[in-house]
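Chains, contacts and geometry: an overview
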Amino acid sequence: MADQIQPTARRLAYIDWMRGLACVLMFQTHCYDSWMSPEAKKSSSVTGWSKLGGTLPAPLFIFLAGVSFALVTEKLREKGIERNAVAKQTILRGAEVFGMGLLFRVQEFALGYPWSPWTDLLRVDVLNILGLSMMLMGVLCWITARTGPTVEVASVGAQHAAPLQLPNNPIRYSRKFGIIGGVVAAVIVAMATPPLWTTHRPKFLPWPIESYINGVHIFDQPQPWLFPLFPWSAFAFAGLAVGFFLFTDFAKRKEAFAFVALGGAGILACALSDFFDSSPIHLYAVYDYWHSNPDFFLMRCGILLIILFLVYAWCRWGLAQKGFSPIIQLGKTSLLVYWVHIEFVYGRFSILPKGQCSAAKATAGLITIFLAMLGLSLARTTWKKWRVRA
């Protein structure tokens, strides 16, 4: 769903491929979860693999939103747009995405009426947190943007002339602090998550507000299937740091090596996560590795970086861009296919009876959804091209 801040550079096909991968993994998770009967879920090995694949789409979407946010910010800065205008444009775009998330909840409630509870209108979903994360990244980029210090150099041949003011590159200066700011923000969010989920929950807040912090919703405890700011916004900040890194002089000169370095950092992050998890020293009173602990966030960030390197390699040296790529095509319209497929899988217009299908029948439905969403994606891009020509 990171296509709401779609970069246009040709060399960024790997971002669309990753979005498309997230779409496919999302389709299979939703289809099997919605359509397979309880008996089929217990007896089929498909369920386990489906759930494992289902852990990736949300981190991928939010991480890629951060990467795209950095790339778009860089493009705006290169055009000479000053930081207040950049912040305004990007923050307003985040507010727009947040509004779309609220609209999506209204649509789901209306189509599910009278069975949908009214509390679903206030449920924290991916689009809500994606929009808020974009607004927070806009604020962070505004804070870290600088004009750069100046260096005084005496004028040649003028002994008493006023010194020349030679400013450092403000884009490079802002990029460096953007990387640092993204990493620091991601660490703060990840480290603050466990207490906000357990020992220091902001229970004094109304549940719709608290839910944006820890995903409590209407329940007594935070729910891991929801998408609160803690820890999910940390993926956006991590993506922001990676996006700015990809615009550094080093990454531009040695692009392939930069991606190898990111892949290596991902492997190191996974190893550190396992090391910290096995350590007898725990920082928090309640240790929940699989839901709220920073160690799990570190593991997932490592996996995202490894996937980023593999997808880059596939797009540069593999067959990803040889002819038509359905994965890249889906990635170009990931927000649209996310929005639409939900209604045909979970909603009133489900193409198969929910909770009554075998694994084979659900797989047939999955293939149908994939082809239908691919057709919708093609129609969308064709229509956009026609509008441009018109």
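The structure this text deals with has already been given above.
Per-chain numbering applies: the sequence of each chain, read as written, is numbered from 1 onward. This being a predicted model, a pLDDT of at least 70 is required before a residue's local features are given, and a value of 80 or more before pairs of side-chain atoms are given or counted; all residues contribute to the totals for chains, interfaces and linings. Water and hydrogen atoms play no part in the side-chain values, which are based on all heavy atoms of the structure.

1. Quick notes on the nonpolar core
What is meant by a nonpolar core is a set of buried Ala, Val, Leu, Ile, Met, Phe, Trp, Tyr and Cys residues, joined one to another through side-chain atoms within 4.5 Å. The rule is simple: take the accessible area with a 1.4 Å probe, protein chains only, and divide by the maximum for that residue type; under 20% is buried, over 50% is exposed, in between is partly exposed. Counting residues in each nonpolar core, the largest one holds 90 residues, and the members touching the most others are Tyr-14, Phe-27, Trp-35, Phe-63, Ile-129, Leu-240 and Val-242. If sequence neighbours within four positions are ignored, Phe-27 has contacts with Leu-330, Val-337, His-341, Leu-366, Ile-369, Phe-370 and Met-373. Here, residues are in contact when the closest pair of their heavy atoms is within 4.5 Å.

2. Focus: unusual backbone geometry
A cis amide bond links Tyr-113 to the next residue, Pro-114, at an omega of 10°. Strands here mean DSSP runs of E at least two residues long; helices mean DSSP runs of H or I at least four residues long; both are numbered from the N terminus. Of note, Pro-114 is situated in the loop between helix H5 (83-112) and helix H6 (126-144). With an omega of 15°, the peptide bond between Phe-230 and Pro-231 qualifies as cis. Structurally, the position occupied by Pro-231 is in helix H9 (residues 229-245). At His-217, a residue that is not glycine, the phi angle is positive and equals roughly 55°. The topology assignment puts His-217 in the loop between helix H8 (207-214) and H9. According to the relative accessible area criterion, His-217 is buried, its value standing at 3%.

3. Thoughts on the packing of H9 against helix H12 (residues 294-317)
Running from N to C, H9 and H12 cross one another at 40°; their axes reach a closest spacing of 11 Å. Taken as axis vectors, H9 and H12 run oblique relative to one another. Between H9 and H12 the crossing geometry is right-handed. In contact with Trp-232, Ala-234, Phe-235, Ala-238 and Val-242 of H9, H12 contributes Phe-297, Arg-300, Cys-301, Leu-304, Leu-305 and Leu-308. Gly is put with the polar residues, along with every residue not named as nonpolar or charged; the nonpolar set is Ala, Val, Leu, Ile, Met, Phe, Trp, Tyr, Cys and Pro, and the charged set is Asp, Glu, Lys and Arg. Of the residues that constitute the contact of H9 with H12, the class distribution is ten nonpolar, no polar and one charged. Orientation is described by axes fitted as lines to C-alpha atoms, over the contacting stretch for helices, and by angles from 0 to 180 degrees between their N-to-C directions. For classification purposes, angles smaller than 35 degrees are called roughly parallel, those larger than 145 roughly antiparallel, those between 65 and 115 roughly perpendicular, and all remaining angles oblique. If you view the pair so one helix is near and one far, a crossing is left-handed when the near helix is turned anticlockwise from the far one by less than a right angle, and right-handed when it is turned clockwise.

4. What about the pattern of salt bridges?
Oppositely charged side chains can form a pair if their charged atoms are brought close together. By salt bridge we mean one thing: a side-chain nitrogen of Lys or Arg within 4 Å of a carboxyl oxygen of Asp or Glu. Considering all chains together, one arrives at ten salt bridges under this definition. Between Asp-120 and Arg-123 there is a salt bridge, with its nearest N and O atoms 3.9 Å apart.

5. Some words on the packing of helix H1 (residues 13-35) against helix H14 (residues 334-345)
Contact pair H1 / H14: the axes reach a minimum separation of 11 Å and the direction vectors enclose 10°. Between H1 and H14, the angle is such that the two are roughly parallel. Along its contact with H1, which presents Arg-19, Cys-23, Met-26, Phe-27, His-30, Cys-31, Ser-34 and Trp-35, the element H14 presents Ser-334, Val-337, Tyr-338, His-341, Ile-342, Phe-344 and Val-345. The residue inventory of the contact of H1 with H14, partitioned by class, reads ten nonpolar, four polar and one charged.

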